[in-house]
Amino acid sequence: MFTQLIGGLTSSMTLFLVASGLTLIFGVGNVFNFAHGSFYLLGAYFAYQLVSVTGIGFFPGVLLAALCTGAAGAVMELFFLRRIYGRGGEEGFQILLTYSFILIIDDVVKMIWGTDYKSISRPEILDGAWTIGDLFVPRYDAVVIATGLLVALGMWGLIRRSRFGRNLRAISANREMASSLGVNVPVTLSFVFGLATALGGLSGALSAPVRTVTPGAGVEVIIGSMIVVVIGGLGNFWGALVGALIIGEVTAFGILFLPQWAILFSYAVMALVLVFRPQGLFMKQGVAK
Amino acid sequence: MTKFPRYWKGLLAAGAMLALVSADAAWAAEKIVIGAMYPMTGRAGRYGIDSVSGAEIAMEEINAKGGVNGRMIDIIFNDSKANPAYSVKVAKRYISEDKVNFLMGVVSSAVGLAVTEVSKENKVIFVGTDHASTALTTEKFQPYYFRVSNNTYQSAAAAAFYANDKKEWKKYYVIGPDYEYGHRTWEDFWMLLQKKRKDVQLVGQAWPKLFEPDYTPYITAILKAKPDVLVTTFWGGDTVAFIKQALPYKLFDKMKFYNYDGGGNYELLEAMPTGLPKGLILSARHHLNWPNTKLNQEFVKKFKAKTGRFPSYAAEGAYAGVYFIAEGVRQAGTAEDPDKLVAVMEKMKIKLPEDPDGFTSYMRPIDHQIVQVQAIGETVPNKSYPPATMMLGNFKVYKAEDIIPSEADIVAARKAVKK
Amino acid sequence: MTPARTKPAGGLGQAAQWAVALALFAAIPLAGKKFFVTMANEVLVMGLFAVAFNLLYGFAGMLSFGQAAYYGVGAYTVGLLLSKGVLPFAVALPAAVAAGAALALLLGPLCIRLSGVYFTMLTLAFAEMVWGIVFKWYGFTGGDNGIQGIPVPDLLRSPVRYYYFTLAVVFASFWLLRRIVDSPFGAVLQSIRENPERTGFLGIQVRRYELAAMVISGAFAALAGGLFAGYQHSIHPDMLHWTKSGEVILMSILGGVSSFFGPLMGAAVILFIEDMIGKYTEFWEIWIGGIMLAIVIFFPKGVIGTLDSWIARGRDRERAADGTPGS
């Protein structure tokens, strides 16, 4: 049972890393970034390039991959998304614009790296697992869980304790007001995009050793993390953490009892939450309104 | 400024309609034109891209020798997007605009089932090269369809022989992608094995969705059930992800890992230059290092020279498809008379890279399914095909006639559908 | 959002426009190219789907991301009834409309309680559940293999005849939808889009109107699905997947959600681009993505909406030059 719990926890943390970026963009920028899964994919390919091809070492490679992904995300905001803010029917155009990035990124990846599966080996010290009695914790999973927690803590500090975080909260509450109070809204938004997509990239880079790195892998991630974000409350950072935990564990235990219907679990949870508590389970605190 | 008429939208629509002109339909008369559809984007992209190269190699070889009956072969490719509705549209365009003589391709069985309808309605022969659903040759069979690669039943039947010999395999667990292919590949195997053995038992099953990124919860559930052998019916990246995630749990020390249809594909061996365990029992529709015939070696070498990488099994399927068509046209003396072609093709023998010495693949008239041997091997260290460091070895080979459903079974299955 | 135009129905200008459009579509089979008929048929079907979607989005301001569920249910109603030999086509097609409406009546009351992005997400979640059921229920729907060889009556077996049938049904539906949009009901929907609270203050039961919009949109989406099943003779769970819902959003916005026929034009443009580019390159994604991106950036009202306002501006200038006051 405990091993099942830990298994669910690992899934949760990877989900959380992607979902946290998605919810951040929504909370602050009011943009639903459909292409977020593609930044996850970019992160994985950057990591492959840096770790397996260039050979700069695993952890530096993963970090740098996240940064590069963040830069790509900031570019998308700066040169494209920015031009449609405040336009009539903006939400529809957001979907289209970010969706066009899914297509473009998928093909760019295919042009550069081809369609074969790329792989990164994890550092040797992280190969095995720790066993404590019946409990079985793969070392690499422990690193993923720890990274997830660290990111959660770091983001908490950034949002709650820093001046930057205060700006974020101000923009999220009222963009015009924040601007008139002297917050540089455009720069902050680009930065938030960079940060959020970097989180997506980090998640992709960390997943590369344990998943398949192939074009098209971003699409599976986006729906999963969207569900997580909705459950936690759109734009709510902590909600994303709890949402990820719920989905991870519901799947982990659900498959023990109803293996045939695993395909419906997460949608069912999402629909239930929306019907009974549309604002998400945790919509009191957090970045958004 | 000129005045725009009020109905400018209508005119625009007309313009758009007229823009749909395929000017280049004239070439069709001379050449033998094959309309090929393969997935080139998304998760199955590798299969499609390799198929394109495999088909091109066959075309170049044939045309270099002067073509077929003096006619050159030309292949048109279009992404199938692994989407049935889109592929049907492409197939219709191939037939009515490009005037193709043959349809070929398709990796997804669902797409194959949709395209075979178009083939039937238009009487254009459709050569399936890499979709495995048995329905196409049994319940949904139509005379203008041919399949030149093994179907899931053939892999499953060979797998049942293999498993029957392993007396210590008693407790089975199955995990596979939750769609028809995953389930059918398992069910045929299990049905056949149970006929041979009374002492086998299924201790659990799991059906994650296709392309599930994260198998950790499933892995822990499998470990808990303590099976002797884990059957998986994953293909492509799903196999890779599953193995990577199961490694730290030492799953491969605790049970045998058995993937008898798509698991031994080179893409998997190549994707894990480090960490791939020894002793996984796998198979595929074509192997790079078996059989050790000149034909196979030549094919692999040519593919490597053309693309810079080694082929996954889909490439050999497409290669076989083009040769099958060429040989059919040569024997029938026509590419335009489908009924004459069917009469020739359904009795055709054709030597393919995957045929071992002393065996030649042949078509079976009753279901237009090619009859081929199947080899199951296990992973052993072998660095001859980099970047892979493991290849399959210790092959066990199953006779072609032993692993196809009997003609009586085919008739019965078709009757069951018609009621 | 730019308000949808609510020109009064009838009037010579509009009647002429309809006649021209109808005549153009009717003339397509005369070109003698089978594939034109295939494409035009798909343009009509997806056009109907998109125009029906736009009743919800463009007119009532409800961005549903789950319309594929209705489209797919329509297709499966026709596919199942025909292939199991239960009902003839003449009954199966109306049954598809009824099934679409029924599904909307079932899911709608839960969805309309929410607004904005929450509404969007819930429609998506429900649609994905419907997709999951169709995908998994092998015994009934054929699962992921779909249904092939759907028998249509001999009268409609020929693609050209079926095309004229589609043309008649789709234009009749357009006419009905246009009447709905121009009716007082349509006016209420647009006022809901502009300001739901204020509409409520007028004593209008906003939710009832929203539900009605969902039912109408769902019914016509199902009709489009049913028509497609009859033409294609094979259907598949992909028709219910979220990517299909995304496709119809894409077509509507690219065409322009503020005009009634914008979505039809969007459908035509997307389908042609898809076909043309697919023919020439395996890297179609980057082309389609790039074109989408360019349209989003440079055509803020969609292709039709933006061209329309350019032309209107041109006319105004012309009138100003003539000395007559512009509008």
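Our subject is the structure that appears above.
Overview of the structure. Bear in mind the structure is a predicted one, so any value in this text is a computation, not a measurement.

1. Points about the overall build of chain A
Working step 1: Summing up its helical and strand segments, chain A has 11 helices and two strands in all.
Working step 2: The helix and strand sequence of chain A, counted from the amino end, reads α-α-α-α-β-β-α-α-α-α-α-α-α.
Working step 3: Relative to the compact-globule value of 19 Å for 289 residues, chain A shows a C-alpha radius of gyration of 19 Å, a close match.
Working step 4: With the principal axes as the frame, chain A shows a C-alpha extent of 60 × 45 × 35 Å.
Working step 5: A total of 289 residues make up chain A; the buried ones form 65% of that total.
Working step 6: Taken as a whole, chain A presents about 10300 Å² of accessible surface, with 68% of it coming from carbon and sulfur.
Working step 7: Counting 17 positive and 13 negative side-chain charges, chain A places the centres of these two groups 13 Å from one another.

2. Details of the packing of helix α10 (residues 237-257) of chain A against helix α11 (residues 262-276) of chain A
Residues and elements named next belong to chain A.
Working step 1: The interhelical angle for the contact between α10 and α11, taken along N-to-C directions, is 145 degrees, at an axis separation of 10 Å. Judged by the sense of rotation from one axis to the other, the crossing of α10 with α11 is right-handed. Facing I246, I247, V250, T251, G254 and I255 of α10, the residues of α11 in contact are A262, F265, S266 and V269.
Working step 2: The class makeup of the residues in the contact of α10 with α11 is seven nonpolar, three polar and no charged.

3. Quick look at the interface of chain A and chain B
Accessible area lost upon the coming together of the parts is a frequently used measure of interface size.
Working step 1: At the junction of the two partners, chain A supplies 38 residues and chain B supplies 38 residues.
Working step 2: Interface of chain A and chain B: buried area, both sides summed, is about 3100 Å²; carbon and sulfur atoms make up 55% of it.
Working step 3: Considering only the surface of chain A that becomes buried against chain B, Y117(A), R211(A) and E220(A) emerge as the three largest contributors, covering 21% of it.
Working step 4: If you look at where chain A meets chain B, you find one salt bridge.
Working step 5: The interface formed by chain A and chain B includes 13 residue pairs in polar contact (both at pLDDT 80 or more).
Working step 6: Broken down by class, the residue content of the side of chain A that touches chain B amounts to 16 nonpolar, 13 polar and nine charged.

4. A word on the environment of A157(B)
Residues and elements named next belong to chain B.
Working step 1: Within the fold, A157 resides in helix α5 (residues 152-165).
Working step 2: A157 gets classed as buried once you look at its relative accessible area, which sits at 5%.
Working step 3: Sequence separation of A157 and I73 is 84 residues, and the distance between their C-alpha atoms is 36 Å.

5. Remarks on the sheet that holds strand β15 (residues 390-398) of chain B
Strands in a sheet are paired, the pairing made by backbone hydrogen bonds, and the direction either parallel or antiparallel.
Residue and element names in this part refer to chain B.
Working step 1: The seven strands lie next to each other as β7-β6-β8-β9-β10-β14-β15, forming an open sheet whose pairing is mixed. Both edges of this open sheet fall to β7 (201-206) and β15, since each of them pairs with a single strand only. Across the sheet, the axes of successive neighbouring strands diverge by a mean angle of 25 degrees, strand direction being ignored.
Working step 2: Each of β6 (171-175), β9 (256-259), β10 (281-283), β14 (374-381) and β15 is contacted by α5, which is oriented at about 60 degrees to β14, the strand it contacts most.

6. Observations regarding the packing of aromatic side chains
Residues and elements named next belong to chain A.
Working step 1: Evaluated as defined, the whole model comprises 63 aromatic pairs over all chains.
Working step 2: When the centroid spacing of 5.9 Å and the interplanar angle of 80 degrees are considered together, the rings of F16 and F237 count as edge-to-face. With a gap of 221 residues between them, F16 in helix α1 (residues 2-29) and F237 in helix α10 connect regions that are remote in the sequence.
Working step 3: With relative accessibility at 0%, the residue F16 sits in the buried group.

7. Quick word on a nonpolar patch on the surface
Working step 1: On the surface, F257(A), L258(A), W261(A), I133(C), W137(C) and F140(C) cluster together into a nonpolar patch covering about 640 Å² of accessible area.
Working step 2: The class of W137(C) is partly exposed, set by a relative accessible area of 46%.

8. Here we look at the nonpolar core
Working step 1: Counting 313 residues, the largest nonpolar core has I73(B), F102(B), F242(B), L251(B) and F174(C) as its most contacted members.
Working step 2: For this core, the leading source of residues is helix α2 (residues 34-59) of chain C, giving 19 residues.
Working step 3: Looking at which domains feed residues into this core, each of domain 1 (26-150 + 293-372) and domain 2 (153-284 + 374-402) of chain B gives three or more.
Working step 4: In this view, F242(B) contacts I175(B), Y215(B), I219(B), I222(B), L230(B), F234(B), L251(B) and F257(B); residues no more than four positions away in its chain are not counted.
Working step 5: A158(B), W169(B), L192(B) and Y258(B) belong to the second-largest nonpolar core, a separate cluster that totals 26 residues.

9. Observations concerning the pattern of salt bridges
Working step 1: Summed over the entire model, instances satisfying the criterion amount to 33 salt bridges over all chains.
Working step 2: Linking K89(B) and E274(C) is a salt bridge whose minimum nitrogen-to-oxygen distance equals 3.6 Å. In this pair, K89(B) is assigned in helix α3 (residues 84-96) and E274(C) in helix α12 (residues 262-280), connecting two distinct chains. Residue K89(B) shares its accessibility class with E274(C), and that shared class is buried.
Working step 3: In this structure, K244(C) engages E247(C) in a salt bridge whose closest nitrogen and oxygen atoms are separated by 3.5 Å. Residue K244(C) and its partner E247(C) are both found in helix α11 (residues 242-255); the two are separated by three residues, about one turn of the helix.
Working step 4: Looking at K244(C), the relative accessible area reads 12%, which means it is buried.
Working step 5: The class of E247(C) is partly exposed, set by a relative accessible area of 22%.

10. Looking at unusual backbone geometry
Residue and element names in this part refer to chain B.
Working step 1: Between W290 and the following residue, P291, the backbone shows a cis peptide bond with an omega angle of -5 degrees.
Working step 2: Here P291 shows up in the loop between β10 and α11 (294-307).
Working step 3: The residue after P386, namely P387, is reached through a cis peptide bond having omega 5 degrees.
Working step 4: The backbone of K250 shows a phi angle near 55 degrees, a positive value even though the residue is not glycine.
Working step 5: By secondary structure assignment, the location of K250 is in the loop between α8 (237-246) and α9 (251-254).

Here is what the cut-offs are and how they apply
Residues numbered from 1 in each chain as written. Chains lettered and ligands numbered in written order. Predicted model: local features only at pLDDT ≥ 70, side-chain atom pairs only at ≥ 80, totals over all residues. Heavy atoms only, no water. Helix = DSSP H or I, 4+ residues; strand = E, 2+ residues; numbered from the N terminus. Rg over C-alpha atoms; globule rule 2.2 N^0.38 Å. Buried < 20%, exposed > 50% of the residue type's maximum accessible area, 1.4 Å probe, protein only. Areas by Shrake-Rupley, 256 points an atom, 1.4 Å probe, with all protein chains shown as cover. Lys, Arg positive; Asp, Glu negative; His and termini not counted. Charge placed at Lys NZ, Arg CZ, Asp CG, Glu CD. Axes fitted to C-alpha atoms, helices over the stretch in contact; angles between N-to-C directions. Left-handed = near helix turned anticlockwise from the far one by under 90°. Contact = heavy atoms within 4.5 Å. Nonpolar A, V, L, I, M, F, W, Y, C, P; charged D, E, K, R; others polar. Buried area = accessible area lost by both parts, 1.4 Å probe. Salt bridge = Lys/Arg side-chain N within 4 Å of Asp/Glu carboxyl O. Polar contact = N/O pair within 3.5 Å; in protein donor to acceptor, adjacent residues only side chain to side chain. Pairing = 2+ DSSP bridges. Phe/Tyr/Trp six-rings, centres within 6.5 Å; stacked < 30°, edge-to-face > 60°. Patch = residues over 30% accessible without salt bridge, like charges linked within 9 Å, V, L, I, M, F, W, Y side chains within 5 Å. Core = buried A, V, L, I, M, F, W, Y, C linked by side-chain atoms within 4.5 Å. Domains from an automatic or database assignment.

Scope: geometric values only; no functional claims are made or implied.
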